[in-house]
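Take a look at the letters that make up each chain.
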Amino acid sequence: MPHLTIDYSSHLADVFDRVALLKELHPLVVDMAGSTGVCKTFQRPAETYAGNGTIEESTFVHVEVGLMPGRSESLKARLSESILDLLSAHLPVRDAAGAVLSVEVRDLAGSYRLSPTARGETEHRRGR
């Protein structure tokens, strides 16, 4: 059931191999979170700036992981640290220096719902 959102600096679009990242990120999240669901990931490039008064574009990658409630804060912290390590390994060396990397692992809200179509497709893929 994990939902992942990856925001990254638009100038990384041609050098940041997001597919390679996902090949490692999805199993990491599912395994560490003890999830039985399928990761759904939304990636979006953005113009990024950091600091007060600067107009220079900075290198920034932020990953947000939404999980069904019930995981401990310590597990979420360990997952965040593991994702930070993975991000560092996947950024090109020239862009990694000075990059701002961040991760938030949070509980999905009680109002979270998954469409019946998506549930059916997920169950179909699992052979139900």
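Our subject is the structure that appears above.
Predicted model, so just to flag it, every value in this text is computed and none were measured.

Colleague: Hey, could you run me through the pairing of strand β2 (residues 40–46) in this one?
Modeller: As a general feature of sheets, a regular strand has side chains that alternate between the two faces. Sheet topology places strand β1 (residues 3–9) next to β2; seven bridges connect them, and they run parallel. Bridging from a neighbouring strand, tyrosine 8 pairs with proline 45 of β2. For the crossover that starts at β1, traverses helix α1 (residues 18–33) and ends in the parallel β2, the hand is right-handed.

Colleague: Any chance you could explain the packing of aromatic side chains here in plain terms?
Modeller: For any pair of aromatic rings, geometry is given as the distance between the ring centres together with the angle between the planes. Counted under the stated rule, the structure contains one aromatic pair. Ring centres of tyrosine 8 and phenylalanine 16 lie 5.9 Å apart, and the angle between their planes is 65°; this geometry places the pair in the edge-to-face category.

Colleague: How should the sheet that holds β1 be read in this particular structure?
Modeller: Two pairing modes exist for strands in a sheet, parallel and antiparallel, and in both the strands are linked by backbone hydrogen bonds. Pairing is mixed in the open sheet, where four strands are placed in the order β2-β1-β3-β4. Two strands close off the open sheet at either side, each with one partner strand: β2 and β4 (100–107). Neighbour-to-neighbour, the strand axes of the sheet open up by a mean angle of 10°, direction not taken into account. Both β1 and strand β3 (residues 60–67) contribute to a ladder of six bridges, which runs antiparallel. When the sheet's bridge partners are listed, aspartate 7 is paired in β3 with histidine 62. Of the strands in this sheet, β1, β2 and β3 are in contact with α1, which crosses β1 at around 145°. Sheet strands touched by helix α2 (residues 73–90): β3 and β4. Its angle to β4, the strand with the most contacts, is close to 150°.

Conventions we followed
- Along each chain, the written sequence defines residue order, and numbers are assigned to residues from 1.
- The model is predicted, so local features are restricted to residues of pLDDT at least 70 and side-chain atom pairs to those at 80 or more, both for listing and for counting; the totals for chains, interfaces and linings are taken over all residues.
- To get the side-chain values, take all heavy atoms of the structure and skip hydrogens and water.
- A pair of strands is labelled paired if DSSP reports no fewer than 2 bridges between them.
- What counts as a helix is a DSSP run of H or I of at least four residues, what counts as a strand is a run of E of at least two, and both are numbered from the N terminus.
- The handedness rule is simple: strands pointing away from the viewer, and a clockwise path from the first strand over the helix to the second, make the crossover right-handed.
- The criterion for an aromatic pair is that two Phe, Tyr or Trp rings (for Trp, the six-membered ring) have centres within 6.5 Å, with stacked assigned to planes under 30 degrees apart, edge-to-face to planes over 60 apart and tilted to the rest.
- Interaxial angles span 0 to 180 degrees and are taken between N-to-C directions of axes, which are lines fitted to C-alpha atoms, for helices over the stretch in contact.
- Contacts are assigned to residue pairs with any non-hydrogen atoms lying within 4.5 Å of each other.

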